[in-house]
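# Observations on the model geometry
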Amino acid sequence: MAEMDELVKKIMAQMQQQNDAPTAQSTTTASAPTAPTKELDASDYPLFSKHPDLIKSPSGKGLDEITLDNVMKDNVKADDLRITKETLQYQGEIAKNAGRPAIQKNFARAAELTAIPDEKILAMYGVLRPYRSSKQDLEDIAKELETKYNAPICAAWFREAATNYEGRKKLKGDN
């Protein structure tokens, strides 16, 4: 939540600057994030304030381009507010090097999910509800996650769910 508070403070400061004196429009162009020259660790947290150059929107906008002024001019779209796979991987690297491997694994799984359309993710949650799917349904989703979305961690979760649901009699037709 501290990151959100910092972002709100930044936007409020920009609004105040605009009220005090008009400024020139940003001419920054979208570019890919520059890979860090060293492995990120706990000293690099929070990433958005220590390395804002590493954080880009899916369309390539930098943090400095996501301003209230650009929102009001419709230059910032909803997709520009989504986190990217790379940002999640950087956060995972920080967690791993800070001695938090479980959190790193969560970031790695979340990074995989960025490639999957929202509608598909919502459908997958529905499929995971008890008695909704056959073992084959879950295995098919696991295969799709691996082959179509390159999401082996998420695929393993579906295979684990298939095995556990089978053992606990939670598959379609078991009720």
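Remember, it's a predicted structure, so these values are computed and weren't measured experimentally.

### Here we look at the packing of helix 7 (residues 135–147) against helix 8 (residues 152–167)
The geometry of helix 7 relative to helix 8 is characterised by a closest axis approach of 7 Å and an angle of 170 degrees between their N-to-C directions. For the element pair helix 7 / helix 8, the angle class is roughly antiparallel. Across from Lys 135, Leu 138, Glu 139, Ile 141, Ala 142, Lys 143, Leu 145 and Glu 146 in helix 7, the residues of helix 8 making contact are Pro 152, Cys 154, Ala 155, Phe 158, Arg 159, Ala 161, Ala 162, Tyr 165 and Glu 166. When grouped by side-chain class, the residues that make up the contact of helix 7 with helix 8 number eleven nonpolar, no polar and six charged.

### Remarks on the layout of surface pockets
Taken as a whole, the second largest pocket encloses approximately 350 Å³ of empty space. Arg 109, Tyr 125, Leu 128, Trp 157 and Phe 158 are the residues nearest the centre of the second largest pocket, which is lined by 14 residues in total. Contributing elements (two or more residues each) for the lining of the second largest pocket: helix 5 (101–113), helix 6 (118–127) and helix 8. Of all the elements, helix 8 adds the most residues to the lining of the second largest pocket, at six residues.

### Brief notes about unusual backbone geometry
Along the chain, Tyr 45 connects to Pro 46 via a cis peptide bond; the corresponding omega equals 0 degrees. Examined against the element boundaries, Pro 46 turns out to sit in the loop between helix 1 (2–20) and helix 2 (47–50). Positive phi is not limited to glycine here, since Asn 150 has a value of about 50 degrees. Tracing the sequence through the fold places Asn 150 in the loop between helix 7 and helix 8.

### Some words on the confidence of the model for the protein
For the protein, per-residue confidence averages 87 on the pLDDT scale, and 81% of positions sit at 70 or higher. Confidence, read as mean pLDDT per element, is least for helix 1 in the protein (62) and greatest for helix 7 (98). Overall, residues 22–30 carries pLDDT values under 50, and its contacts beyond four positions in sequence, including any with other chains, amount to nine contacts.

### Some remarks on the nonpolar core
Counting residues in hydrophobic clusters, the biggest one holds 16 residues, and the most contacted among them are Ile 116, Met 124, Leu 138, Ile 141, Leu 145 and Phe 158. The set of elements that each furnish at least two residues to this core consists of helix 6, helix 7 and helix 8. Ranked by residues supplied to this core, first place goes to helix 8 with five residues. In this view, Leu 145 contacts Ile 116, Met 124, Asn 150, Ala 151, Cys 154, Ala 155 and Phe 158; residues no more than four positions away in its chain are not counted. Counting seven residues, the second largest nonpolar core, distinct from the first, contains Leu 47, Phe 48, Tyr 90 and Ile 94.

Thresholds applied
Residues numbered from 1 in each chain as written. Predicted model: local features only at pLDDT ≥ 70, side-chain atom pairs only at ≥ 80, totals over all residues. Heavy atoms only, no water. Axes fitted to C-alpha atoms, helices over the stretch in contact; angles between N-to-C directions. Helix = DSSP H or I, 4+ residues; strand = E, 2+ residues; numbered from the N terminus. Parallel < 35°, antiparallel > 145°, perpendicular 65-115°, else oblique. Contact = heavy atoms within 4.5 Å. Nonpolar A, V, L, I, M, F, W, Y, C, P; charged D, E, K, R; others polar. 1 Å grid on protein atoms, 1.4 Å probe; cavity = no way out; pocket = protein on both sides within 12 Å on 5 of 7 lines; lining within 4 Å. Points joined across faces, edges and corners; volume = space filled by probe spheres on them. pLDDT = per-residue confidence, 0-100. Core = buried A, V, L, I, M, F, W, Y, C linked by side-chain atoms within 4.5 Å. Buried < 20%, exposed > 50% of the residue type's maximum accessible area, 1.4 Å probe, protein only.

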